[in-house]
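Below, each chain spelled out in residue letters.
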Amino acid sequence: MALYNNSSWSQTFYLKLKGVPVNLTGWALRMQIKKRQDDATALIDLTTANNKITIGSEGRISLNLPYTDTALLQAGLYYFDIVRTDGPLAPQRHLGGRI
């Protein structure tokens, strides 16, 4: 995944379990972007509450960052994770990696 400074960014994922789309109705998700994987504080937070993450049918997770957020990032490597923040198994990590 690549993010560009001062540019709006979006990415869509589909969450499936054994090839079957996961019903995300009512889920609360958070994505944090950090400079180092073990940093306690995120540089940018995307959540379903702040509408930077939207969920839809067929297991769709859409991430959206306005250019005002990407302007906070300098060139370099960053880490992200997407976590379910509600439900009986929360926090539950579903995706992570490098940007």
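Structure first, text after, so check above.
Let me sum up the structure you'll find in this document. Not measured: the values here are computed from a predicted model.

1. Here we look at the sheet that holds strand 9 (residues 92-98)
Move 1: Read across the sheet, 4 strands follow the order 5-4-8-9 without closing on themselves; strand pairing throughout is antiparallel. On the outer flanks of this sheet lie strand 5 (44-47) and strand 9, each paired with one strand and no other. On average, each strand axis in the sheet is tilted by 15 degrees relative to the strand beside it, whichever way the strands run.
Move 2: Two strands pair when backbone bridges link them, and strand 4 (residues 29-34) and strand 5 are joined in this way by 4 bridges, in the antiparallel orientation. Its bridge partner lying in strand 5, M31 is registered against L46.

2. Here's the deal with the pattern of salt bridges
Move 1: Going through the model one piece at a time under the given rule, you end up with 4 salt bridges.
Move 2: With a shortest N-O distance of 3.6 Å, R30 and D45 are connected by a salt bridge. On the criterion of sequence distance, the pair formed by R30 in strand 4 and D45 in strand 5 is long-range, its members being 15 residues apart.
Move 3: Note on R30: relative accessible area 34%, which makes it partly exposed.
Move 4: On the basis of relative accessible area, D45 is assigned to the partly exposed category, the value being 30%.
Move 5: With a closest N to O distance of 3.3 Å, R36 and D39 form a salt bridge.

Cut-offs applied
The written sequence of each chain sets the order in which its residues are numbered from 1. For this predicted model, a pLDDT threshold of at least 70 governs which residues receive local features, and a threshold of 80 or more governs which side-chain atom pairs are given and counted, while totals over whole chains, interfaces and linings are taken from all residues. Values reported for side chains reflect all heavy atoms of the structure, with hydrogen atoms and water molecules removed beforehand. Any two strands between which DSSP finds at least two bridges are classified as paired. Only DSSP runs of H or I with at least four residues qualify as helices, and only runs of E with at least two residues qualify as strands; both kinds are numbered from the N terminus onward. Only the stretch in contact is used when fitting a helix axis, every axis being a line fitted to C-alpha atoms; angles between N-to-C directions are given from 0 to 180 degrees. Criterion for a salt bridge: a side-chain nitrogen of Lys or Arg within 4 Å of a carboxyl oxygen of Asp or Glu. Using a 1.4 Å probe on the protein chains alone, a residue whose accessible area is under 20% of its type maximum counts as buried, one over 50% counts as exposed, and one in between counts as partly exposed.

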